[in-house]
There are 4 protein chains.
Amino acid sequence: MKRQAHEVAIPALLEVGDQVLSNFGMLLCKAGFSRIVLCFGEGIRPLCEPQIVQSLTEQAQLEVLDNRDVLDNSLEAIAGTAFSLPARTEVIVGIGGGKGLDIAKYIAFLNGLPFISVPTSVAHDGFASSGCSLYVQGRRTSVPARMPYGILVDLGLVRNSPVQFLYSGLGDILSKIPAVFDWRFEESLGATRVNDFAVMMAKKSVNSIVRMPYTDIREFFFIKEIVDSLTLSGIAMEIAGSSAPASGSEHLISHALDQLVERPQLHGIQVGVASYLMCLVQEHRVERVRKFLDETGFFDFVAALGMKRDDFEQAVTLAPSIKPSRRTYLHLPEMREKALHLLRSDETLQRILA
Amino acid sequence: MKRQAHEVAIPALLEVGDQVLSNFGMLLCKAGFSRIVLCFGEGIRPLCEPQIVQSLTEQAQLEVLDNRDVLDNSLEAIAGTAFSLPARTEVIVGIGGGKGLDIAKYIAFLNGLPFISVPTSVAHDGFASSGCSLYVQGRRTSVPARMPYGILVDLGLVRNSPVQFLYSGLGDILSKIPAVFDWRFEESLGATRVNDFAVMMAKKSVNSIVRMPYTDIREFFFIKEIVDSLTLSGIAMEIAGSSAPASGSEHLISHALDQLVERPQLHGIQVGVASYLMCLVQEHRVERVRKFLDETGFFDFVAALGMKRDDFEQAVTLAPSIKPSRRTYLHLPEMREKALHLLRSDETLQRILA
Amino acid sequence: MKRQAHEVAIPALLEVGDQVLSNFGMLLCKAGFSRIVLCFGEGIRPLCEPQIVQSLTEQAQLEVLDNRDVLDNSLEAIAGTAFSLPARTEVIVGIGGGKGLDIAKYIAFLNGLPFISVPTSVAHDGFASSGCSLYVQGRRTSVPARMPYGILVDLGLVRNSPVQFLYSGLGDILSKIPAVFDWRFEESLGATRVNDFAVMMAKKSVNSIVRMPYTDIREFFFIKEIVDSLTLSGIAMEIAGSSAPASGSEHLISHALDQLVERPQLHGIQVGVASYLMCLVQEHRVERVRKFLDETGFFDFVAALGMKRDDFEQAVTLAPSIKPSRRTYLHLPEMREKALHLLRSDETLQRILA
Amino acid sequence: MKRQAHEVAIPALLEVGDQVLSNFGMLLCKAGFSRIVLCFGEGIRPLCEPQIVQSLTEQAQLEVLDNRDVLDNSLEAIAGTAFSLPARTEVIVGIGGGKGLDIAKYIAFLNGLPFISVPTSVAHDGFASSGCSLYVQGRRTSVPARMPYGILVDLGLVRNSPVQFLYSGLGDILSKIPAVFDWRFEESLGATRVNDFAVMMAKKSVNSIVRMPYTDIREFFFIKEIVDSLTLSGIAMEIAGSSAPASGSEHLISHALDQLVERPQLHGIQVGVASYLMCLVQEHRVERVRKFLDETGFFDFVAALGMKRDDFEQAVTLAPSIKPSRRTYLHLPEMREKALHLLRSDETLQRILA
């Protein structure tokens, strides 16, 4: 077989706007679907179900074959119901936050069906990536699934989600900066091979937003940019065939916090703080990252949460053991030392951590 | 067949840096190639041939099966020599500006072989797109080929290319702004269907650079950003399956100028001026575009070229007939009127056109 | 996106021969794998494990990262252990009969890893198809997975498997005849759209073998032909995107028997008898099918099993309810009547059923 | 990127039957096409044009944007007209024998458009393969293009084509036998790597037909089998990424005859005789091949043509130089000797060559 350019799966359908809910049926119809199963995440129905169902059935005359709640994100529970889809189901539409979308995405994956992702908040890149975070035998586990066939984002829904979700989204976007730096570092050690195209995509996803002018993080164009950035982040991972371009030492710290802390904060909030810390450790783009987190109000928001420096210290120490096969900055003892030192000395970290 | 996410061809290899020429052999070797045909564009050998050949044969012990000049970009000439490649050729490497790369890319396409694109200047997105511009029966014609397997950009080479090439590259990047606006406009008329993902990619390609801080357009990071932007532009077209996300009315003006003017300017120079004009017509992002073209020195550079307002007026009138099946802004008589009026009234255009 | 020819996944590696076990390491090495997880089905280790491990580690110096037994084919059990693979696993190799292969195939699917299928018997097309038969909440369920990356068949192993497995394989191959007829029938009713290429492949898979001269069904070339036929059957389903080209009313009868009978026979044995019955019902290629089942000894083998006509009668009645959305011959009451009548009147069926 | 099963392009549409011409519009309509360009080969219009156009425009209301003759198979001529297609052309339909189809296929390839292949005779596997045979600078040259999107074969048309075309098709099918043997031989010398799946497909394509019962080579099912076999042969080459599974030393002899003889016979006629010769040389499946060529009347047909033994002798000597990089049986001097000896001693060859 002759080698040709690399083939990458991208969403065939991407719609981000103010009228997505009201045009829902028309959008699915244009994409060629007619028999649909809806999966709503916890607490989502009241926000948008009537509008979606009306648009599907009245506006576009599509068949909703099933309309189910997806609440339990254990693989056991998902597997138990995934194979009871109505015959002739053509597409799974998931509407929800991270958890609901992950369940619906996995149901689609297990059935080999296309998945339409309808995020009600944009707290991380899960709505646009091929992976899922599920519970397997009681442990939170990242499992591969497949890139969504479509991503439909109603900005009205997302803008009305609690502000911590937006800050979480920003934190997850920023993590590309230390993550790519870690990945290149691992390559320099001969531990992996970086995919340059994935790096470029990951960088574009963050550079485009950190350089964007805005007055309010809830304004239309800024939220649209967040959605685009997180989507590009998902594509970057798809190109790489791994999470490496979007997840480095800063994600390990967040995973460690999830294990250490009784009530962890939102993924992207933890990741955002850890990204700032790792930029300090890597001595890489610190000014840019600090300025952005400062001006968007991220640091002020975090300062009010009462996250503890102690927890971060333990997380830094635990981080390398989360993925022992990687070789990020935090896998070097001297870099962990540096991180611990910075946790106690950096002014911003002093201010935002208790 | 169940529908899955859209598969898109992207370059498997992307390297942009200061050491590309000296690591040339190693980069091809890592990509798994061992029997190579080199194609040099006009005037390119003195710039880099010894370094490339040495790196391939001494550093990496690869076989250079053939080392040819590619000068004539008529399809007849290309076809005449394309099928005389040595047996067992694995990859075609093209080194040159737009013309040389197009010829080499087409030789690879006709043989079903992977193509490595090594631009010596970045005057437009041809080094990263699947299309070629060739002469067919004496007429310049855009023909489809295939996305490069790899893109290797030595920033030393590119930085030393004449400054007009960089300005041309900037002009070509900016064209995404009116082009996407035209495309959406055509969709609103029911004349086409926009691919939202291609739009997003095209927008990222331009937003990332227009918001980038820099002090000199020849600095490393700025040139790298130009390369990235033009690469994303090529991908956007690949996703769309057409040139629409990267080429609207502003490109039609440039194509018209090519027909009208005895000695046309570089493609991206013409496109840059036309992009500014079309943003005025579309009343879309005018400030941003003007600021960028002003601060980068593009307008000053253009002002010294002596391009004529008369030619632009004729080009605006001719533009819609270049692609009669499209429905851009310029396909409406009132918008052509508006453009003609702006050519005579806008202060910046007054300044830069003779 | 312009439409191009349909892309279909086929095994990249296919080796059928006498020396497969002894060349095992070399075969995986050539395919580019170096870190392997082995999964052995029940009772399989004694047959071939030492040879495989020695070939992998001594001959080819590959790393066997894990060497596990796969015994429980409930989805719950598989999911519980699937995500504990060693980091950097590159490929899952499954060695076993239908059940062991299905488990290993699903572990690979859940992890997004390539799967190498090493059947120790060829009782049905599972070793070469993208689907799996697993227990989900206590019910046997057909679930989609992915086409094996490679299929390695050691004819020594397969030839020494009990003869009922070979007869089962033959029965499964023959089922393409009534299955394709059912599929075309459903299309004539407007109930589905047949994929002509899948039909062609399914037909070739069966025609090639029913027309083959042989003296003993255990001879090298005949078994090789069985393997090829079952592989083509897997590809036919992949092309179709469903099991339709390989599974029609005759498979429904077998599924019904599985529910009705305390100790069902091997899948392909049941399917073989049901295929003969359905050819009678469809009045399609009866002579060819009868001659083949007669001359290979299939009918004699079945006659000794004591399968009951009563069970088949109940199965015919139950069959359409197994897949209520299909429209096979057995979904018509008059055809079920005809089948019941034939069960009591056809001489061959009289002879082989008790 | 994780490795998955190999992706192969196959025709999305395959229809072989008695009603293809009368259902032509409906078949293209179902496939989703609405704007079509027709290309008729030399002498083909009178056979079927009115029926095709009527079916397209009246039955299915499709738009025939252009209806052209394709007569000149020089690359220069094709390139000169290929880019003058009407805007918005969706698909190229080629109707003709080998030459007309090759031209139409190449027009589609140069434009990146899907191609529908409508053979009026089945003299070789060109209607179902990705390659084309064109004249480049006056020399017949095999060039790569792309697998047809669809293959539509009206058996009425094909059955009424002169009988030499059917015999040519049979000869081309039989060539898989020595070709695969040559390919495996080259692998045993370390000169190449065989793709086992392509081998299997190539073998099925020939075994299925040589074992088929028939009474007349013009009967419906036999011609259908020829079409299927040649289609599988095209797929086998696609899987292999080269012509090796379908073209070995026997094809080299035929290519050599094309150079040596003033008026060469049909490709498949020459290939059929050469295949028999090479089976003798390889001492491989001689009985089967002889029996088939005898019973179908191929040998009798050839005997009447007056092909000369002298020409074959020269062709055997010239053959290896046609593809010097290959290592077929004929690349060994002792095998060429053996072939020359057999040309003078084998009874059948004595009878059919003058």
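Residues numbered from 1 in each chain as written. Chains lettered and ligands numbered in written order. Predicted model: local features only at pLDDT ≥ 70, side-chain atom pairs only at ≥ 80, totals over all residues. Heavy atoms only, no water.

As recorded by an unreviewed UniProt entry, chain A carries the name Glycerol-1-phosphate dehydrogenase [NAD(P)+] and is attributed to Paenibacillus forsythiae.

**Section: the overall build of chain A**
Across its full length, chain A holds 16 helices and nine strands. Relative to the globule expectation of 20 Å for 354 residues, the C-alpha radius of gyration of chain A, 20 Å, shows essentially globular dimensions. The principal-axis extent of the C-alpha atoms belonging to chain A is close to 60 × 50 × 40 Å. Working note: accessible area of chain A is about 12400 Å², and carbon and sulfur atoms make up 49% of it. Taking the average place of the 35 positive charges on the side chains of chain A and the average place of its 40 negative ones, the gap between the two points comes to 5 Å. (Helix = DSSP H or I, 4+ residues; strand = E, 2+ residues; numbered from the N terminus. Rg over C-alpha atoms; globule rule 2.2 N^0.38 Å. Areas by Shrake-Rupley, 256 points an atom, 1.4 Å probe, with all protein chains shown as cover. Lys, Arg positive; Asp, Glu negative; His and termini not counted. Charge placed at Lys NZ, Arg CZ, Asp CG, Glu CD.)

**A closer look at the nonpolar core**
Counting 424 residues, the largest nonpolar core has Tyr106 of chain B, Tyr106 of chain C together with Tyr106 of chain D as its most contacted members. Setting aside chain neighbours within four positions, we find Tyr106 of chain D in contact with Phe83 and Leu110 of chain B together with Leu75, Ile78, Cys132, Leu134, Val143, Pro144 and Ala145 of chain D. (Core = buried A, V, L, I, M, F, W, Y, C linked by side-chain atoms within 4.5 Å. Buried < 20%, exposed > 50% of the residue type's maximum accessible area, 1.4 Å probe, protein only. Contact = heavy atoms within 4.5 Å.)

**Side note on the sheet that holds strand 2 (residues 13-17) of chain B**
All names here are of chain B. Reading across from one edge, 2-9-6-5-3-4 is the order of the six strands in this open sheet, with parallel pairing throughout. A single partner strand is all that each edge strand has here, and the edge strands are strand 2 and strand 4 (63-69). For this sheet, the mean angle separating the axes of adjacent strands, direction not counted, is 15°. Pairing of strand 3 (residues 35-40) with strand 5 (residues 91-96) involves five bridges; the strand directions are parallel. Residue pairing for strand 5: Phe40 is matched across the bridge by Ile95. (Pairing = 2+ DSSP bridges. Axes fitted to C-alpha atoms, helices over the stretch in contact; angles between N-to-C directions.)

**Considerations on the packing of helix 10 (residues 249-260) of chain D against helix 11 (residues 267-282) of chain D**
Residues and elements named next belong to chain D. Running from N to C, helix 10 and helix 11 cross one another at 135°; their axes reach a closest spacing of 8 Å. Compared by their axis directions, helix 10 and helix 11 come out oblique. Note on packing geometry: the crossing formed by helix 10 with helix 11 is right-handed. Across the interface between the two elements, Ser249, Glu250, His251, Ile253, Ser254, His255, Leu257 and Asp258 of helix 10 pack against His267, Gln270, Val271, Ala274, Ser275, Leu277, Met278 and Gln282 of helix 11. A breakdown of the residues in the contact of helix 10 with helix 11 according to their chemical character gives six nonpolar, eight polar and two charged. (Parallel < 35°, antiparallel > 145°, perpendicular 65-115°, else oblique. Left-handed = near helix turned anticlockwise from the far one by under 90°. Nonpolar A, V, L, I, M, F, W, Y, C, P; charged D, E, K, R; others polar.)

**Let's talk about the environment of Ile151 of chain B**
Residue and element names in this part refer to chain B. Topologically, Ile151 is positioned in strand 9 (residues 150-154). Relative accessible area serves as the criterion here: at 0%, Ile151 is assigned to the buried category. Spatially, the C-alpha atom of Ile151 lies 25 Å from that of Arg211, the residues being 60 residues apart in sequence. Ignoring any residue separated from it by four or fewer positions in sequence, one finds Ile151 in contact with Pro11, Leu13, Leu14, Glu15, Ser117, Phe127, Ala128 and Thr231.

**A closer look at the sheet that holds strand 2 (residues 13-17) of chain D**
Residues and elements named next belong to chain D. Strands sit in the order 2-9-6-5-3-4 across an open sheet of six strands; the sheet is parallel. Where the open sheet ends on each side, the last strands, each with one partner, are strand 2 and strand 4 (63-69). Recorded for the sheet is a direction-independent mean angle of 15° between the axes of neighbouring strands. Of the pairings in the sheet, the one linking strand 6 (residues 115-119) to strand 9 (residues 150-154) comprises two bridges and is parallel in character. Counterpart to Ile116 in the pairing with strand 9 is Gly150.

**Points about the layout of surface pockets**
One number sums up the size of the second largest pocket: a volume of about 990 Å³. Considering the residues around the second largest pocket, the lining is formed by 39 residues, among which Arg184 and Lys203 of chain A together with Phe220, Phe221 and Lys224 of chain B are closest to the centre. For the lining of the second largest pocket, the secondary-structure elements that each account for two or more residues are helix 7 (176-188) and helix 8 (196-210) of chain A together with strand 2, helix 1 (24-30) and helix 9 (220-240) of chain B. Of all the elements, helix 8 of chain A adds the most residues to the lining of the second largest pocket, at eight residues. (1 Å grid on protein atoms, 1.4 Å probe; cavity = no way out; pocket = protein on both sides within 12 Å on 5 of 7 lines; lining within 4 Å. Points joined across faces, edges and corners; volume = space filled by probe spheres on them.)

**Regarding the interface of chain D and chain C**
Taken together, the contact between chain D and chain C spans 48 residues of the former and 48 residues of the latter. Taking both sides of the interface into account, the surface hidden between chain D and chain C amounts to around 4200 Å²; carbon and sulfur atoms contribute 55%. Joining chain D to chain C, the criterion identifies four salt bridges. We note a salt bridge from Lys204 of chain D to Glu225 of chain C, for which the minimum N-O separation is 3.1 Å. Counting every contact that joins chain D to chain C gives nine residue pairs in polar contact (both at pLDDT 80 or more). (Buried area = accessible area lost by both parts, 1.4 Å probe. Salt bridge = Lys/Arg side-chain N within 4 Å of Asp/Glu carboxyl O. Polar contact = N/O pair within 3.5 Å; in protein donor to acceptor, adjacent residues only side chain to side chain.)

**A closer look at the relation of the copies chain D and chain C**
Structural alignment of chain D on chain C gives an RMSD of 0.0 Å, achieved by rotating through 180° and translating 0.1 Å along the axis. One copy is carried onto the other by what is essentially a two-fold rotation axis. No C-alpha of chain D approaches the rotation axis more nearly than that of Ser208 of chain D, which lies at 2.2 Å. Counting the interface residues of chain D, we find that 100% of their copies in chain C are interface residues as well, pointing to one common contact surface. (Least-squares fit on C-alpha atoms with pLDDT ≥ 70 in both.)

**Points about the environment of Val91 of chain A**
Residues and elements named next belong to chain A. Mapping Val91 onto the fold places it in strand 5 (residues 91-96). For the pair Val91 and Leu113, spaced 22 residues apart in sequence, the C-alpha to C-alpha distance is 5.8 Å. Setting aside its immediate chain neighbours within four residues, Val91 contacts Phe33, Arg35, Ile36, Val37, Pro114 and Ile116.

**So, the packing of aromatic side chains**
Taken as a whole and judged by the stated rule, the model has 42 aromatic pairs over all chains. On the numbers, 4.5 Å between centres and 40° between planes, the contact of Tyr214 of chain C with Phe222 of chain C is tilted. An aromatic cluster of three or more residues is present, and its members are Tyr167, Tyr276, Phe298, Phe299 and Phe301 of chain A. (Phe/Tyr/Trp six-rings, centres within 6.5 Å; stacked < 30°, edge-to-face > 60°.)

**Some details on unusual backbone geometry**
Excluding glycine, residues mostly carry a negative phi; peptide bonds, for their part, are mostly trans. Residues and elements named next belong to chain B. Unlike most non-glycine residues, Gln137 shows phi in positive territory, near 50°. In this structure, Gln137 sits in the loop between strand 7 (131-136) and strand 8 (139-144). Here Gln137 falls in the exposed class, since its relative accessible area comes to 58%. Phi at Arg285 takes a positive value of approximately 55°, unusual for a residue other than glycine. Mapped onto the elements of the fold, Arg285 is located in the loop between helix 11 (267-282) and helix 12 (286-295). Using a relative accessible area of 27% as the deciding quantity, one classes Arg285 as partly exposed.

**Points about the confidence of the model for chain A**
The predicted coordinates of low-pLDDT regions are not to be read in fine detail. Per-residue pLDDT for chain A has a mean of 94; in total, 99% of the residues score no lower than 70. Scoring of the predicted complex yields 0.91 for pTM and 0.91 for ipTM. (pLDDT = per-residue confidence, 0-100.)

**Concerning the pattern of salt bridges**
Following the criterion strictly, the structure yields 79 salt bridges over all chains and no others. Here Glu295 of chain A makes a salt bridge to Lys291 of chain A, at a shortest N to O gap of 3.5 Å. With Glu295 of chain A and Lys291 of chain A both in helix 12 (residues 286-295), this residue pair falls four residues apart, about one helical turn. The shortest N-O distance in the salt bridge between Asp294 of chain D and Arg351 of chain D comes to 3.6 Å. Note that Asp294 of chain D is positioned in helix 12 (residues 286-295) and Arg351 of chain D in helix 16 (residues 347-352), a separation of 57 residues in sequence. Residue classification places Arg351 of chain D among the partly exposed positions, given a relative accessible area of 41%. Linked through salt bridges whose partners overlap, the residues forming this network are Arg45, Glu49 and Asp69 of chain A.

**A short note on the interface of chain B and chain D**
Counting from both sides, the interface comprises 18 residues of chain B and, opposite them, 18 residues of chain D. With both sides pooled, the region where chain B packs onto chain D buries about 1500 Å², and carbon together with sulfur makes up 64% of that total. The largest contributions to the chain B side of the interface with chain D come from Phe83, Arg88 and Ser325 of chain B, which together make up 29% of the buried area. Remark: the boundary between chain B and chain D carries two residue pairs in polar contact (both at pLDDT 80 or more). Examining the composition of the side of chain B that touches chain D, we find that four residues originate from one element, helix 4 (residues 98-111) of chain B, more than from any other. The class makeup of the residues in the side of chain B that touches chain D is eleven nonpolar, six polar and one charged.

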